[in-house]
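A structural walkthrough
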There are 2 protein chains.
Amino acid sequence: MRNILIIGAGKSSSYLIKYLLEKSQTENLKITIGDLNVDNAKKLTGNHPNTDVIHLDVFNAESRVAAIKQADIVISMLPARFHIEVAKDCITYKKNMVTASYVSPEMQALDEDAKANNLIFMNEIGVDPGIDHMSAMHVIDRIRDKGGKMILFESFTGGLVAPESDNNLWNYKFTWNPRNVVVAGQGGAAKFLQENQFKYIPYNRLFRRTEFLDVEGFGRFEGYANRDSLKYQEVYGLDNVKTLYRGTIRRVGFSRAWNAFVQLGMTDDSYTIDDSKNMSYRDFVNAFLPYSPTDSVELKFRHALKIDQDDMVWEKFVELDIFNDDKMVELDKATPAQILQKILMDSWTLDQEDKDMIVMYHKFGYELDGKKHQIDATMVTLGKDQTYTAMSKTVGLPVAIATLAILNGKIKTPGVQIPITKEVYTPILKELESHDVIFKEYEVPYLGYNPLSI
Amino acid sequence: MRNILIIGAGKSSSYLIKYLLEKSQTENLKITIGDLNVDNAKKLTGNHPNTDVIHLDVFNAESRVAAIKQADIVISMLPARFHIEVAKDCITYKKNMVTASYVSPEMQALDEDAKANNLIFMNEIGVDPGIDHMSAMHVIDRIRDKGGKMILFESFTGGLVAPESDNNLWNYKFTWNPRNVVVAGQGGAAKFLQENQFKYIPYNRLFRRTEFLDVEGFGRFEGYANRDSLKYQEVYGLDNVKTLYRGTIRRVGFSRAWNAFVQLGMTDDSYTIDDSKNMSYRDFVNAFLPYSPTDSVELKFRHALKIDQDDMVWEKFVELDIFNDDKMVELDKATPAQILQKILMDSWTLDQEDKDMIVMYHKFGYELDGKKHQIDATMVTLGKDQTYTAMSKTVGLPVAIATLAILNGKIKTPGVQIPITKEVYTPILKELESHDVIFKEYEVPYLGYNPLSI
């Protein structure tokens, strides 16, 4: 029996565990799951004979080391900042390791040690990062292999609510950490490349500079720029592209409405409001509007944001009940972002029967034989229920498939890495297809941003 | 002879030195000026027999201590962050000290030592902070002395160009550190009190939430909120006021136009632009606008900011020449704020014959005998030339007058302090009047923000 240790069995572990259990007989696997919450982990294993659920506190070195020593490979599904202790033990006890998280500088620093011990530390092998890397490099490598030269790459990902559960005016529910949604885009200008020009978008304009994305069978979406569009330029070998843009997907109209919160300062996470506990939702909104003894909060809000009476965006705010004077914030000394998050969670929390959806959209522009071409690739994955979500599927399956591929010696190259090589992405993307995680490709006219130069 | 040591003889020292030299015979004063730039300091003393200009590097402990030891009182006109070494020596050698800077935590920490040694460390005794404290407390104390209860305090200050030199469309020139003007308002939401409600304005709305101020003989101004409106609430004894607001004065229309730079991200000081050296002004503006192969930067700018063709604000941008494709940024790896500052300095640098202007506006609302009252107090000081500026006058004269008052035992209370007591402000405001720094007071109807409650 090969022993796979999974540390942390949170929301995104359901498909990971399901996949490995299904393979456990034919592949001779024992799955050990270590978590602080043993009961929750046991629900996911369903008393499968090839599993063992143990209580594990990652900060307790003794029990952590004991579990790692017995494993043949270690998967850390912990929050990213907790991986490093596990990773150091994996060096010490010579175990391969898999995570879905961004490579931290501390993790990167272990590269030499990993290589010296012939160990594979695979990271960023969830959905974003993860499937985005693999699906992008799959097309980029193919274009290069036939002699094409990449000139444009755009990549968008979004975690959304599935169409059948999409029943609010924002066409949005929280399918992941709500806090990340509320503070998205903060912390500096978004920087990207358009036709060889660096472009910068400050936070207060981010949600007004969107672009449309049409996905066959799912209609129109919009994308707003990530802060870090240039992050993988070198890694993907795209140093000479003219356009490089990475973004986040929402349904059309979300960003325009969200911008109201940005403009008024309601997403600010940098200061706390002293008496927030005793504020109503209406008081909270009013704190960002000028005082008036007579004008309503509604009219001041409309006036400040120049929202016409017949503008449908207005209904979005009414739907959130932000003008309610009876609903209390209740949070003590909270930041505006924390208060807004609470208000949104009233409306945007998934119901028990709701399904989620992951949408990915890549654009690849390239030159071949003196002509410009473009391939668009789209992927939509739908969740089944609140346990087997699209998020959990697209995060967990690549982790699971990679783990088995490492165990079986199909992925061989040692070192701290992300899934951008053919060796890694080819078998994983192929197997994902059999799980309905499928990219559709479209040959489209190259548009870029400069149609005159075609 | 009493020896006054002035450390640092920069732009704001001209009136300070002039005043002390004029008093040097009758008051038996020797003025020692220590600066890195001896020649510049000598220009300000004009070879007056009661002066001595010495080369002084504040970081050279030996020469610093030698100069301080010989002084009866020390004035530090250095940038605020350099005061502390001087202050520590003043404790050691038991010298009184005067600065025009905000009290830093390090300075405040010397309070006990200062008191134990019966030393006066007078700070914040320039114009803002300085004259604002004194002129505000003068009226507040008077209202209280006759039994009134403060309910509103608003205070605005601005350094502007004098009307006779006001010849650009922004009605603005740099009369102080240009950098502070470019990054003004950044770093967090402005917080203030309006009718007992805390109000918050994020940076991106700061320049759209102005209020008008009419000053007799000088027309209309506008004020935008400072970040720190509540800073002196306790110090001024205003814990129970309903409205507390501090702001910065500009000519009407400045803020609306400035907001364009804020909206586009051109005032951002948090990142650098790699190839800024080779950018034209036009390239710089274009970096904050979407790419287009055909549309002009001008039209994209207008469209992004929704500036109609016949909106006069447009001429303000044209006047700054920001669309010029020949003028180069030249600064290497500069932040947007640094580049914008350079562009503005082309247009907003004072000419040799230009005069500056300081404008201050206070509003005091109070209840007395069951009625609400309001006093508005305004002060305008004009500069004479580029040496004897209004800024230098309103910063330097209070410093000089306070220094002499301390030397003559008229200000007696020891400790690290700011000028908010009658002992301090009464003689200083009185003497400032003889130098034409005069507050005009107006009894006006109390408006507050709630006329219905009058």
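The model shown is predicted, which means the values in this text are computed figures rather than measured ones.

Reading guide: rules and limits
- Residues numbered from 1 in each chain as written.
- Chains lettered and ligands numbered in written order.
- Predicted model: local features only at pLDDT ≥ 70, side-chain atom pairs only at ≥ 80, totals over all residues.
- Heavy atoms only, no water.
- Helix = DSSP H or I, 4+ residues; strand = E, 2+ residues; numbered from the N terminus.
- Rg over C-alpha atoms; globule rule 2.2 N^0.38 Å.
- Buried < 20%, exposed > 50% of the residue type's maximum accessible area, 1.4 Å probe, protein only.
- Contact = heavy atoms within 4.5 Å.
- Phe/Tyr/Trp six-rings, centres within 6.5 Å; stacked < 30°, edge-to-face > 60°.
- Lys NZ or Arg CZ within 6 Å of the ring centre and 35° of its normal.
- UniProt positions renumbered as here; feature names shortened; annotations may be inferred.
- Polar contact = N/O pair within 3.5 Å; in protein donor to acceptor, adjacent residues only side chain to side chain.
- Buried area = accessible area lost by both parts, 1.4 Å probe.
- Salt bridge = Lys/Arg side-chain N within 4 Å of Asp/Glu carboxyl O.
- Nonpolar A, V, L, I, M, F, W, Y, C, P; charged D, E, K, R; others polar.
- Patch = residues over 30% accessible without salt bridge, like charges linked within 9 Å, V, L, I, M, F, W, Y side chains within 5 Å.
- Areas by Shrake-Rupley, 256 points an atom, 1.4 Å probe, with all protein chains shown as cover.
- Lys, Arg positive; Asp, Glu negative; His and termini not counted.
- Charge placed at Lys NZ, Arg CZ, Asp CG, Glu CD.
- Core = buried A, V, L, I, M, F, W, Y, C linked by side-chain atoms within 4.5 Å.
- Least-squares fit on C-alpha atoms with pLDDT ≥ 70 in both.
- Pairing = 2+ DSSP bridges.
- Axes fitted to C-alpha atoms, helices over the stretch in contact; angles between N-to-C directions.
- Parallel < 35°, antiparallel > 145°, perpendicular 65-115°, else oblique.
- Left-handed = near helix turned anticlockwise from the far one by under 90°.

**Some remarks on the overall build of chain A**
When its secondary structure is counted, chain A shows 16 helices and 16 strands. Its C-alpha atoms give chain A a radius of gyration of 24 Å, within 12% of the compact-globule value 22 Å for 454 residues. Reported as C-alpha extents along the three principal axes, the dimensions of chain A are approximately 75 × 60 × 40 Å. When the 454 residues of chain A are sorted by exposure, 59% land in the buried category. Restricting to contacts in chain A with at least 6 residues of sequence separation, those with at least 24 account for 71%.

**Structural notes on the packing of aromatic side chains**
Describing an aromatic ring pair means giving the distance of the ring centres and the angle of the ring planes. Under the definition given, this model contains 58 aromatic pairs over all chains. Taken together, a centroid distance of 5.1 Å and an interplanar angle of 55° make the contact between Tyr172(A) and Phe254(A) tilted. Placement of the pair is Tyr172(A) in the loop between β7 (149-161) and α8 (178-182) and Phe254(A) in helix α10 (residues 254-264), with a sequence separation of 82 residues. You can call Tyr172(A) buried: its relative accessible area is 3%. Judged by centre distance (5.2 Å) and plane angle (90°), the ring pair of Tyr15(B) and Tyr388(B) falls under edge-to-face. Taken together, the residues span a long stretch of sequence, with Tyr15(B) in helix α1 (residues 14-23) and Tyr388(B) in the loop between β14 (371-382) and α15 (390-407) at a distance of 373 residues. Within the aromatic cluster, the residues linked to one another by ring pairs are Trp170(A), Tyr172(A), Phe174(A), Phe254(A), Trp258(A), Phe261(A), Phe301(A), Trp314(A), Phe317(A), Phe323(A) and Trp348(A). Seen from the ring of Tyr388(A), Lys18(A) lies directly overhead, with NZ or CZ sitting 5.9 Å from the centre.

**Observations regarding the UniProt feature "domain: Saccharopine dehydrogenase NADP binding" (unreviewed entry) in chain A**
Residues annotated by UniProt as "domain: Saccharopine dehydrogenase NADP binding" (unreviewed entry) correspond here to residues 4-120 of chain A. From the first C-alpha to the last, residues 4-120 of chain A spans 14 Å; its make-up is 41% helix and 21% strand.

**A few points about the side chain of Arg205(B)**
Inspection of the secondary structure assignment puts Arg205(B) in helix α9 (residues 203-206). At 3.2 Å, the side chain of Arg205(B) and the backbone oxygen of Ala304(A) are in polar contact.

**Quick word on the interface of chain B and chain A**
Each side of the interface is counted separately: chain B has 34 residues, and chain A has 34 residues. Taken as a group, Tyr200(B), Arg205(B) and Tyr291(B) account for 25% of the area that chain B buries against chain A, more than any other trio of residues on that side. Where chain B meets chain A, there are zero salt bridges. Those elements that place two or more of their residues in the side of chain B that touches chain A are β8 (190-194), β9 (197-201), α9, α10 (254-264) and α12 (297-305) of chain B. A total of four residues in the side of chain B that touches chain A trace back to one element, the largest contributor, which is β9(B). Looking at the side of chain B that touches chain A residue by residue, the classes come out as 18 nonpolar, eight polar and eight charged.

**Observations concerning unusual backbone geometry**
That bond from Asp128(A) to Pro129(A) is cis: its omega, 15°, falls within 30 degrees of zero. Considering the arrangement of structural elements, one finds Pro129(A) in the loop between β6 (120-122) and α7 (131-145). Notably, Asn118(A) is not glycine yet its phi reads approximately 60°, a positive angle. The residue Asn118(A) is located in the loop between α6 (111-116) and β6 in this model. Taking the relative accessible area as the measure of exposure, Asn118(A) reaches 54% and is therefore exposed. Not every positive phi belongs to a glycine, and Asn28(B) is a case in point at roughly 60°.

**Focus on a negative patch on the surface**
On the surface, a cluster of negative charge is contributed by Asp274(A), Asp275(A), Asp283(A), Asp325(A) and Asp326(A). You can call Asp283(A) partly exposed: its relative accessible area is 33%.

**A word on the nonpolar core**
For soluble globular proteins, the rule of thumb is that nonpolar side chains tend to be buried together. The biggest cluster of nonpolar side chains holds 71 residues, and the ones touching the most others in it are Ile6(B), Leu20(B) and Phe364(B). No other element matches the 12 residues that α15(B) contributes to this core. Apart from the residues within four sequence positions on either side, Ile6(B) is in contact with Leu16(B), Ile17(B), Leu20(B), Ile31(B), Thr32(B), Ile33(B), Gly34(B), Ile75(B) and Met77(B). By size, the runner-up hydrophobic cluster in this structure holds 70 residues, among which are Ile4(A), Leu21(A), Ile131(A) and Val399(A).

**What about the relation of the copies chain B and chain A?**
Expressed as a screw transformation, the operator carrying chain B onto chain A has a rotation angle of 180° and an axial translation of 0.1 Å, and the superposed copies differ by an RMSD of 0.1 Å. Considering both components of the superposition, the chain copies are consistent with a two-fold axis. Relative to the rotation axis, the closest C-alpha in chain B is found at Asn204(B), a distance of 3.3 Å. When the interface residues of chain B are mapped onto chain A, 100% of them are again interface residues, pointing to one common binding face.

**Let's talk about the pairing of strand β11 (residues 219-225) of chain A**
Residue and element names in this part refer to chain A. Counting buried positions along β11 gives five out of seven residues, so the element sits mostly inside the fold. As defined by bridge partners, strand β10 (residues 211-215) adjoins β11 across five bridges and the pair is classed as antiparallel. Among the inter-strand pairings, Glu211 is bridged to a residue of β11, identified as Gly223. Connecting β10 to the next strand, β11, in antiparallel fashion are three residues, including Gly217 with a positive phi near 85°. Summarising the sheet, β11 and strand β12 (residues 243-251) pair through five bridges and their orientation is antiparallel. By the bridge assignment for β12, Glu222 is matched with Arg250.

**A short note on a positive patch on the surface**
A cluster of basic residues, Arg208(A), Lys306(A), Arg208(B) and Lys306(B), forms a positive patch at the surface. Following the sequence through the fold, Arg208(B) ends up in the loop between α9 and β10 (211-215).

**Points about the sheet that holds strand β1 (residues 2-7) of chain A**
All names here are of chain A. Judged by pairing direction, the sheet is parallel, and its seven strands sit side by side in the order β3-β2-β1-β4-β5-β6-β15 without closing on themselves. This sheet does not close on itself; its edge strands, each paired only once, are β3 (51-55) and β15 (415-417). Taking each pair of neighbouring strands and ignoring which way they run, the sheet shows an average axis angle of 15°. Where strand β2 (residues 29-35) meets β3, five bridges bridge the pair, whose relative direction is parallel. For Asp35, the partnering residue across the bridge sits in β3 and is His55. Sitting on the sheet, helix α2 (residues 38-45) touches β2 and β3, and the angle it makes with β3 is about 170°. With respect to the sheet, helix α15 (residues 390-407) is in contact with β1, β2, β4 (73-76), β5 (96-99) and β6, its orientation differing from that of β4 by roughly 165°.

**Details of the packing of helix α7 (residues 131-145) of chain B against helix α16 (residues 422-433) of chain B**
Residue and element names in this part refer to chain B. Here α7 crosses α16 at 115°, and the two axes come no closer than 10 Å. In terms of orientation, α7 and α16 fall into the roughly perpendicular class. Viewed along their axes, α7 and α16 form a crossing whose handedness is left-handed. Residues Ile131, Met134, Ser135, Met137, His138, Asp141 and Asp145 of α7 lie in contact with α16, whose contacting residues are Lys422, Tyr425, Ile428, Leu429 and Leu432. When its residues are assigned to classes, the contact of α7 with α16 shows seven nonpolar, two polar and three charged.

**Comments concerning the packing of α10(B) against helix α14 (residues 336-348) of chain B**
Residues and elements named next belong to chain B. Between α10 and α14, the shortest axis-to-axis distance is 13 Å and the interhelical angle comes to 145°. Where α10 crosses over α14, the handedness of that crossing is right-handed. Taking contact as the criterion, the partners of Phe254, Trp258 and Phe261 in α10 are, on α14, Leu340, Leu344 and Trp348. Here the residues of the contact of α10 with α14 sort into six nonpolar, no polar and no charged.

**With respect to the pattern of salt bridges**
For the structure shown, the criterion picks out 41 salt bridges over all chains. Asp89(B) is the salt-bridge partner of Arg64(B), the closest N and O atoms lying 2.5 Å from each other. Note that Arg64(B) is positioned in helix α3 (residues 61-70) and Asp89(B) in helix α4 (residues 83-92), a separation of 25 residues in sequence. Here Arg64(B) falls in the buried class, since its relative accessible area comes to 6%. With a relative accessible area of 8%, Asp89(B) lands in the buried category. A salt bridge links Glu441(B) to Arg142(B); the nearest nitrogen and oxygen atoms lie 2.6 Å apart. Here Glu441(B), found in strand β16 (residues 440-444), pairs with Arg142(B), found in helix α7; they are 299 residues apart in sequence, far enough to count as distant. Given the relative accessible area of 35%, Glu441(B) is considered partly exposed. It is possible to trace a salt-bridge network through shared partners that takes in Arg64(A), Glu85(A) and Asp89(A).

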